[in-house]
Amino acid sequence: MSKDPFQILADELTLIRKDMDQLQRTSLDKDEAKKLNQIVTAAVLKMAKAAEDAPGEIQGDLEADRDQMARSATHAATRAAESAMAGIRHDLDNERAKLSQAAGEARREAWRWFGGFWVWLASMLATGAVIGALAMAWIQGRGDAREFGQFPRIYCSPAGGEDLSNTAGREGCMFWYD
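Per-chain numbering applies: the sequence of each chain, read as written, is numbered from 1 onward. pLDDT decides what is reported in this predicted model: residues at 70 or higher carry local features, side-chain atom pairs at 80 or more are listed and counted, and totals for whole chains, interfaces and linings draw on all residues regardless. Only hydrogens and water are set aside; all other atoms, that is, all heavy atoms of the structure, feed into the side-chain values.

A description of the pattern of salt bridges should follow, citing residues and the corresponding values.
One speaks of a salt bridge when a side-chain nitrogen belonging to Lys or Arg is within 4 Å of a carboxyl oxygen belonging to Asp or Glu. Under the counting rule described, the total for this entry stands at two salt bridges. Here Arg96 and Asp93 are joined by a salt bridge, their closest N and O atoms 2.6 Å apart. Of this pair, Arg96 and Asp93 both sit in helix 2 (residues 30-113), separated by three residues, roughly a single helical turn. By relative accessible area, Arg96 is classed as exposed at 54%. Note that Lys98 and Glu95 form a salt bridge whose closest N and O atoms lie 3.8 Å from each other. Here the residue Lys98 and the residue Glu95 both occupy positions in helix 2, the gap between them amounting to three residues, near one helical turn. Judged by relative accessible area, which is 41%, Glu95 ranks as partly exposed. Put simply, DSSP H or I for four residues or longer makes a helix, DSSP E for two residues or longer makes a strand, and each gets a number counted from the N terminus. Between buried and exposed lies partly exposed: a residue is buried under 20% and exposed over 50% of the maximum accessible area for its type, with that area taken using a 1.4 Å probe on protein chains only.

This is the structure in C-alpha cells:
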C-alpha cells in the first residue's frame, strides 16, 4: 500500500528540519551548499507533487470507502430484512395452525351442539317426508282430476255433484254454486 501523501509531506518536513539543524551546527563550503540546495529543491518538488496528488488520492480513497460502506449497508439491510421475513413467516405459520385448530374445534362443537349424526339423520328424514308429502299431494290432485274425467259416474256424488240425464238420454254430473 502506498504511503499517505500527508505522511510523506510530514517525513519530508522532518528531514528538512534535521538538515537545518545540522546546517546550523556546521558551516558549508560551496559544494556542500550546492548539494544541500539540490536536496532542498528535490524535497520541495516532492512536497509540491505530494500536495498536488493528495486531493486525487484522498478523493479516490473516499470514493472507495463510500462504495464499501454502501455495500456493507446493503448487505446489512438485506440480512435484517431476511431475518424479519423469517420471523414473520414463523409467526404466520403459528397463527395459521392456531386458526386451523380453532376451526376444527368450532366444527366439532357445532356438531355436538346440533345433536351430531342422529339429529342430522332425523332432519334429513323429516325433510324427505315433507318433500314426499308435497309431491304426493301434487300428483294426487292431478290424478284425481284425471280419474274424475274418465269415470265421472263414480266420482260425481263424492265430489259434491249431482247426476243428471237430459231428454236425449245423455248423463252428466252437475255442480251448483251460488
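Describe the pairing of strand 2 (residues 171-174), naming the residues involved and giving the relevant values.
Pairing between two strands is assigned when DSSP locates at least 2 bridges connecting them. Relative to strand 2, strand 1 (residues 162-165) runs antiparallel, the two sharing four bridges. Bridged to Ser165 within strand 2 is Glu171. With antiparallel pairing between neighbouring strands as the criterion, strand 1 and strand 2 make up a hairpin whose turn holds five residues, including Gly169 at a positive phi of roughly 95°.

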